[in-house]
Amino acid sequence: MDTQIARWVSFILEHDLQGVFHVGTRDTSDYTAFLDRLAQGSGLPRLRYQVEHSGTPAYQAVLPGRPEIPPRLQMSVDDVLLSLTKAPVL
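Peer 1: I would appreciate a short explanation of helix 2 (residues 31–41) in the present structure.
Peer 2: Because each turn of an α-helix spans 3.6 residues, side chains separated by three or four positions end up pointing in the same direction. Here helix 2 has its buried residues at Arg37, Ala39 and Gly41. Tucked into the core, helix 2 has its buried residues touching helix 3 (77–85). Backbone geometry just after helix 2 places Gly43 at a positive phi near 75°.

Written out as structure tokens, the structure is:
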């Protein structure tokens, strides 16, 4: 993960890009599904959640929406999970 972020920073500096950059994934994942997969890949027991409903749908995502960032520097959710757990996550 650190190497990937360093590549982003190097690319931004080398190309003298300006503005705000979010190092996000090119795809999205449900929050609880992501946590379940992270726990599984880390060898933790199955997580239990207390769900609170707000009554209003809410979505949150940070996507690399900058066209200057080449595909080779973009990560998927699976890439992030593999980086964090060092094990394939199903």
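Moving on from the model shown.
Peer 1: Could you clarify how one ought to interpret the pattern of salt bridges in this entry?
Peer 2: For the structure on display, the rule yields two salt bridges. For Asp79, the salt bridge is made with Arg26, and the minimal N-O distance between the two is 4.0 Å. With Asp79 in helix 3 and Arg26 in the loop between helix 1 (2–14) and helix 2, the pair connects residues that are 53 residues apart, well separated along the chain. By relative accessible area, Asp79 is classed as partly exposed at 34%. Exposure remark for Arg26: the relative accessible area of 48% places this residue in the partly exposed category.

Peer 1: Can you help me understand the side chain of Ser76 in this one?
Peer 2: By the secondary structure assignment, Ser76 is in the loop between helix 2 and helix 3. In this view, Ser76 contacts Thr25, Arg26 and Asp27; residues no more than four positions away in its chain are not counted.

Peer 1: What should I look at first to understand unusual backbone geometry in this one?
Peer 2: As a rule of thumb, non-glycine residues mostly have phi less than zero, and peptide bonds are mostly trans rather than cis. Despite not being glycine, Asp16 shows a phi value in the positive range, around 50°. Tracing the chain through its elements places Asp16 in the loop between helix 1 and helix 2. With a relative accessible area of 59%, Asp16 lands in the exposed category.

Scoring rules and cut-offs
- Each residue is numbered by its place in its chain's sequence as written, counting from 1.
- For a predicted model such as this one, the threshold for reporting local features is a pLDDT of at least 70, and the threshold for listing and counting side-chain atom pairs is 80 or more; totals across whole chains, interfaces and linings nevertheless cover every residue.
- No hydrogens and no water enter the side-chain calculation; it runs on all heavy atoms of the structure.
- Buried, partly exposed and exposed residues are distinguished by accessible area as a fraction of the type maximum, computed with a 1.4 Å probe on protein chains only: under 20%, between the cut-offs, and over 50%, respectively.
- The way it works is that DSSP assigns letters per residue, a run of H or I at least four long becomes a helix, a run of E at least two long becomes a strand, and they are numbered from the N terminus.
- Two residues form a contact once any of their heavy atoms are found within 4.5 Å.
- Only one rule defines a salt bridge in this text: a Lys or Arg side-chain nitrogen within 4 Å of an Asp or Glu carboxyl oxygen.

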